[in-house]
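Survey of secondary and tertiary structure
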Amino acid sequence: AQSVAQPEDQVNVAEGNPLTVKCTYSVSGNPYLFWYVQYPNRGLQFLLKYITGDNLVKGSYGFEAEFNKSQTSFHLKKPSALVSDSALYFCAVRVIHASGGSYIPTFGRGTSLIVHP
Amino acid sequence: ETGVTQTPRHLVMGMTNKKSLKCEQHLGHNAMYWYKQSAKKPLELMFVYSLEERVENNSVPSRFSPECPNSSHLFLHLHTLQPEDSALYLCASSQGFGTVDSNTGELFFGEGSRLTVL
């Protein structure tokens, strides 16, 4: 079974400071990892993904995430936070097995990011 | 614009009403999903359709009835709902579900239908 954990319900950061939103996962097989963002009263928007290759992946709006296989983590980062980054962030994992079967993604509970002016 | 359109965006209904939520995707994807998002709760997967076949049904009450007439359209029929069913209902689509040459399969979500049951 696959699972994903976002240990923080809320992250507070001052504008201009770096931010990190944490995600850890548990899978059997090679994971595909995703981050999504949800602004108030909107659907989720895809931010970035890790499939293979370079452990540091870059995505939309200046966000990046680092895949760490030994720590089974995929933390979302941004060097300088903006007030407009305030939103709900979801980590998700999807396991692709060698047989080609593709599994339904599992989402974390979400982390509310609040960026203070 | 994500390529996934949900209507209506807002719906208020009584417990005895029958209504439907509609989702349409213009991305050529082969899988579609219904999620329920309630305040203070994790995202709940309700149904998944792949190539118009239902492949997942997470013990959803029978008062929710999905329909997928083709790979571009997905409906959620609602009848005799309860106040606790009030939530944001999200539709999503993806490519590559259950195929050998699947791509990475990220989901594309609609803006959601905000349902209030009185």
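The structure this text deals with has already been given above.
Parameters at a glance
- Residues numbered from 1 in each chain as written.
- Chains lettered and ligands numbered in written order.
- Predicted model: local features only at pLDDT ≥ 70, side-chain atom pairs only at ≥ 80, totals over all residues.
- Heavy atoms only, no water.
- Phe/Tyr/Trp six-rings, centres within 6.5 Å; stacked < 30°, edge-to-face > 60°.
- Helix = DSSP H or I, 4+ residues; strand = E, 2+ residues; numbered from the N terminus.
- Buried < 20%, exposed > 50% of the residue type's maximum accessible area, 1.4 Å probe, protein only.
- Disulfide = S-S within 2.5 Å.
- Core = buried A, V, L, I, M, F, W, Y, C linked by side-chain atoms within 4.5 Å.
- Contact = heavy atoms within 4.5 Å.
- Pairing = 2+ DSSP bridges.
- Axes fitted to C-alpha atoms, helices over the stretch in contact; angles between N-to-C directions.

1. Thoughts on the packing of aromatic side chains
Taken as a whole and judged by the stated rule, the model has 14 aromatic pairs over all chains. Centre to centre, the rings of tyrosine 50 of chain A and phenylalanine 74 of chain A are 6.5 Å apart; their planes meet at 55°, and the pair counts as tilted. With tyrosine 50 of chain A in strand β6 (residues 44–50) and phenylalanine 74 of chain A in strand β9 (residues 73–78), this pair connects stretches of sequence that are 24 residues apart. Accessibility classification places tyrosine 50 of chain A together with phenylalanine 74 of chain A in one group, the buried group. On the basis of an interplanar angle of 50° and a centroid distance of 5.5 Å, the ring pair of phenylalanine 63 of chain A and tyrosine 89 of chain A is categorised as tilted. Placement of the pair is phenylalanine 63 of chain A in the loop between β7 (56–58) and β8 (64–68) and tyrosine 89 of chain A in strand β10 (residues 87–96), with a sequence separation of 26 residues. We classify phenylalanine 63 of chain A as buried; its relative accessible area is 1%. A relative accessible area of 0% places tyrosine 89 of chain A in the buried class. By way of ring pairs, the aromatic residues Phe34, Tyr36, Phe46 and Phe107 of chain A together with Tyr33, Tyr35 and Phe109 of chain B are connected into one cluster.

2. Focus: the state of the cysteines
Any covalent bond linking the sulfur atoms of two cysteines counts as a disulfide. This model, assessed by the stated rule, comprises two disulfides over all chains. Paired through a disulfide, cysteine 23 of chain A and cysteine 91 of chain A show a sulfur-sulfur distance of 1.9 Å. On the sign convention where negative means left-handed, the S-S torsion of about -65° between cysteine 23 of chain A and cysteine 91 of chain A marks this disulfide as left-handed. Here the residue cysteine 23 of chain A occupies a position in the loop between β3 (19–21) and β4 (24–26), and cysteine 91 of chain A occupies one in strand β10, the gap between them amounting to 68 residues. The disulfide partner of cysteine 23 of chain B is cysteine 91 of chain B, and the gap between their sulfur atoms is 1.9 Å. Torsion about the S-S bond of the cysteine 23 of chain B and cysteine 91 of chain B cystine: about -75°, corresponding to left-handed handedness. Linking cysteine 23 of chain B in strand β3 (residues 18–25) with cysteine 91 of chain B in strand β9 (residues 87–94), this pair joins segments that are 68 residues apart in sequence.

3. A word on the nonpolar core
Side chains of nonpolar character tend, in soluble globular proteins, to be buried together. Residue and element names in this part refer to chain A. Counting residues in hydrophobic clusters, the biggest one holds 27 residues, and the most contacted among them are Trp35, Leu47, Leu48, Phe74, Leu76 and Tyr89. Where this core is concerned, the elements lending two or more residues are β2 (10–14), β3, β5 (30–38), β6, β8, β9, β10 and β12 (111–116). Take this core: its biggest share by element is four residues, from β10. In this view, leucine 76 contacts Leu19, Thr20, Val21, Trp35, Leu47, Leu48, Phe63, Glu64, Ala65 and Tyr89; residues no more than four positions away in its chain are not counted.

4. A look at the sheet that holds β3 of chain B
Residues and elements named next belong to chain B. Taken together, the four strands give an open sheet; going across it, the order is β1-β3-β8-β7, and neighbouring strands pair in antiparallel fashion. Each edge of the open sheet is held by one strand with a lone partner, namely β1 (4–7) and β7 (64–70). For this sheet the average axis-to-axis angle between neighbouring strands, irrespective of direction, equals 15°. Of the pairings in the sheet, the one linking β7 to strand β8 (residues 73–79) comprises five bridges and is antiparallel in character. Bridge pairing in β8 places serine 65 opposite histidine 77.

5. With respect to the environment of glutamate 67 of chain B
Residues and elements named next belong to chain B. One can find glutamate 67 in strand β7. Relative accessible area serves as the criterion here: at 35%, glutamate 67 is assigned to the partly exposed category. Taking the C-alpha atoms as reference, glutamate 67 lies 9.6 Å from lysine 22; in sequence the two are 45 residues apart. In this structure, glutamate 67 is in contact with Tyr49, His73, Leu74, Phe75 and His77, ignoring residues within four places of it in sequence.

6. So, the pairing of β8 of chain B
Residue and element names in this part refer to chain B. Most of β8 is tucked away, with five of its seven residues classed as buried. By the bridge criterion, seven bridges tie β3 to β8 in an arrangement that is antiparallel. Looking across to β8, one finds that lysine 22 is bridged to phenylalanine 75. The antiparallel pairing of β7 with β8 creates a hairpin that spans two residues between the two strands.

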